[in-house]
Amino acid sequence: MKHKFYLLLVLLVGGLFAGCSSDDDGVTPPDEKDGVLVKVMSYNIYSGQKAYSGKKGMEAIAQVIKKINPDLAGLQEFETKTNKVEKADIIALMKEVTGMPYAFFVKTRDVDGGEYGNLILSKYPISDEVNYDLPRIETVEDVYPRSMGVVKTEKDGKGFYFGVTHLSHVGNETNRINQTTTIIEKTKGLDKPMILTGDFNALADSGPMKILVRKYAPFRCFISLFKAVSPTIHYYILYRTSILDCCFRQKEV
């Protein structure tokens with residue numbers, strides 16, 4: 001039996017708030033018989049730098065997430081127990097302040113006396129947690145390890161996967177192309193739909209994104225909005241379908 005997913009999406013990018021929902025594609029919001037509404041969020045918190053700093057800054061970021069109230073959130077550039085955050089357990093802080101009791105820390109490296117990576121927050125129980133290392137040819141510029149975290153969850157009896165990633169930031173696309181190819185390879189056998197959030201450090205028409213959209217579909221409203229706001233945006237929320245239908249553009253796998 002096929003079901004539908006309806007997604008509400010939220011991106012926070014350098015002070016820019018953006019969102020889209022099923023209404024953007026002229027789809028009537030679901031009722032309980034028809035499908036399930038999932039609200040997801042992607043947020044690069046820059047380790048709490050610039051406008052926010054220290055443990056207090058992380059609390060402010062958590063309050064932003066709480067206000068938006070997503071079902072799941074993918075955070076990039078997340079750190080915990082570092083000197084910068086006064087050795088505080090920021091994962092525990094995020095869970096407590098946001099009211100999202102389930103978390104998966106996608107560690108990429110040790111830094112400043114603590115740990116650094118990405119974080120998945122969820123209102124619903126998660127399972128099958130995996131941290132995939134993404135390939136990287138180290139250069140003078142490209143020194144940071146990269147990874148993708150994936151969890152399995154469900155809402156109202158509808159199961160799906162949720163992921164977060166942060167790709168190479170340097171101008172040369174080689175590492176990002178290898179990383180997006182690995183993402184496709186690691187997720188091709190999933191038996192449920194997949195929602196992928198992240199900072200891809202890539203323009204919509206770049207080589208890495210062209211690889212991803214072979215299997216993942218970007219949400220049109222974000223692409224249109226970001227082209228109007230900034231020609232250099234590189235944050236996306238993507239989805240791919242498997243045995244379930246999605247009410248947005250469908251990419252068969």
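What you see is a predicted model, and the numbers here were worked out from it, not measured in a lab.

(A) Structural detail: the overall build of the chain. A count of helices and strands for the chain gives five helices and 13 strands. Classification of the 253 residues of the chain by burial places 53% in the buried group. Relative to all contacts within the chain whose residues are 6 or more apart in sequence, the contacts with residues 24 or more apart total 70%. For the chain, the computed accessible surface area is about 11400 Å², with 50% contributed by carbon and sulfur atoms.

(B) Broad picture of the side chain of N175. Looking at the secondary structure, you find N175 in helix α3 (residues 174-187). According to the relative accessible area criterion, N175 is buried, its value standing at 4%. A distance of 2.6 Å separates the side chain of N175 from the side chain of D142, its partner in a polar contact.

(C) Looking closely at the pattern of salt bridges. Across all of its chains, the model carries six salt bridges by this definition. Its salt-bridge partner being K155, residue D71 comes within 3.1 Å of it at the nearest N-O pair. Placement of D71 in the loop between α1 (54-68) and β4 (72-80) and of K155 in strand β8 (residues 146-155) is noted, with a sequence separation of 84 residues between them. With relative accessibility at 6%, the residue D71 sits in the buried group. A salt bridge links K107 to D110, with the shortest nitrogen-to-oxygen separation between them at 2.6 Å.

(D) Seen up close, the environment of H169. Relative to the assigned elements, H169 resides in the loop between β9 (158-166) and α3. On the basis of relative accessibility, which here comes to 39%, the residue H169 falls in the partly exposed class. Sequence-wise, H169 and D142 are 27 residues apart; in three dimensions their C-alpha atoms are separated by 7.4 Å. Residues within four places of H169 in sequence aside, it is in contact with E141, Y144, R146, R176 and N201. Of the polar contacts made by the side chain of H169, one reaches the side chain of R146; its length is 3.1 Å.

(E) Representation of the packing of aromatic side chains in the model. Under the definition given, this model contains one aromatic pair. Across from the ring centre of Y116, 4.5 Å away, lies the NZ or CZ of R109, which sits over that ring.

(F) Molecular detail of the confidence of the model for the chain. Residues with a pLDDT of 70 or more make up 69% of the chain, whose mean pLDDT is 77. Per-residue pLDDT stays below 50 along residues 220-234; that stretch engages in 32 contacts with residues further than four places along the chain or on separate chains. With pLDDT under 50 throughout, residues 242-253 is counted as low confidence; its partners more than four residues away or in other chains account for 46 contacts.

(G) The arrangement of the pairing of strand β10 (residues 194-199) in detail. Extensive coverage of β10 is indicated by the burial of six of its six residues. Pairing between β9 and β10: six bridges, direction parallel. By the bridge assignment, H166 is partnered in β10 with D199. One crossover worth recording links β9 to the parallel β10 by way of α3, and it is right-handed.

(H) Expanded view of the environment of D156. Mapping D156 onto the fold places it in the loop between β8 and β9. C-alpha separation for the pair D156 and Y124, spaced 32 residues apart in sequence, amounts to 10.0 Å.

(I) Inspection of helix α2 (residues 90-98) at higher detail. Among all positions of α2, only I90, I91, L93, M94, V97 and T98 are buried. Taken end-on, α2 shows its buried residues confined to a sector of 160°, consistent with a single buried face. The backbone nitrogen of I91 lies 3.2 Å from a side-chain oxygen of the residue at the head of α2, namely D89. The first or second residue beyond α2 is G99, which carries a positive phi of 75°.

(J) The arrangement of the side chain of T80 in detail. For T80, the position within the fold is in strand β4. Look at T80 and you get buried, because its relative accessible area is 2%.

(K) Local environment of α3. Helix length check: α3, at 14 residues, gives a terminal C-alpha distance of 20 Å against a target of 20 Å (1.5 Å per residue), a fit within 8%. Among the residues of α3, N175, R176, Q179, T180, T182, I183, I184 and T187 are the ones counted as buried.

Criteria and cut-off values
Residues numbered from 1 in each chain as written. Predicted model: local features only at pLDDT ≥ 70, side-chain atom pairs only at ≥ 80, totals over all residues. Heavy atoms only, no water. Helix = DSSP H or I, 4+ residues; strand = E, 2+ residues; numbered from the N terminus. Buried < 20%, exposed > 50% of the residue type's maximum accessible area, 1.4 Å probe, protein only. Contact = heavy atoms within 4.5 Å. Areas by Shrake-Rupley, 256 points an atom, 1.4 Å probe, with all protein chains shown as cover. Polar contact = N/O pair within 3.5 Å; in protein donor to acceptor, adjacent residues only side chain to side chain. Salt bridge = Lys/Arg side-chain N within 4 Å of Asp/Glu carboxyl O. Phe/Tyr/Trp six-rings, centres within 6.5 Å; stacked < 30°, edge-to-face > 60°. Lys NZ or Arg CZ within 6 Å of the ring centre and 35° of its normal. pLDDT = per-residue confidence, 0-100. Pairing = 2+ DSSP bridges. Right-handed = clockwise from strand over helix to strand, strands pointing away. Arc of directions from axis to C-beta. Expected span 1.5 Å × (residues − 1).

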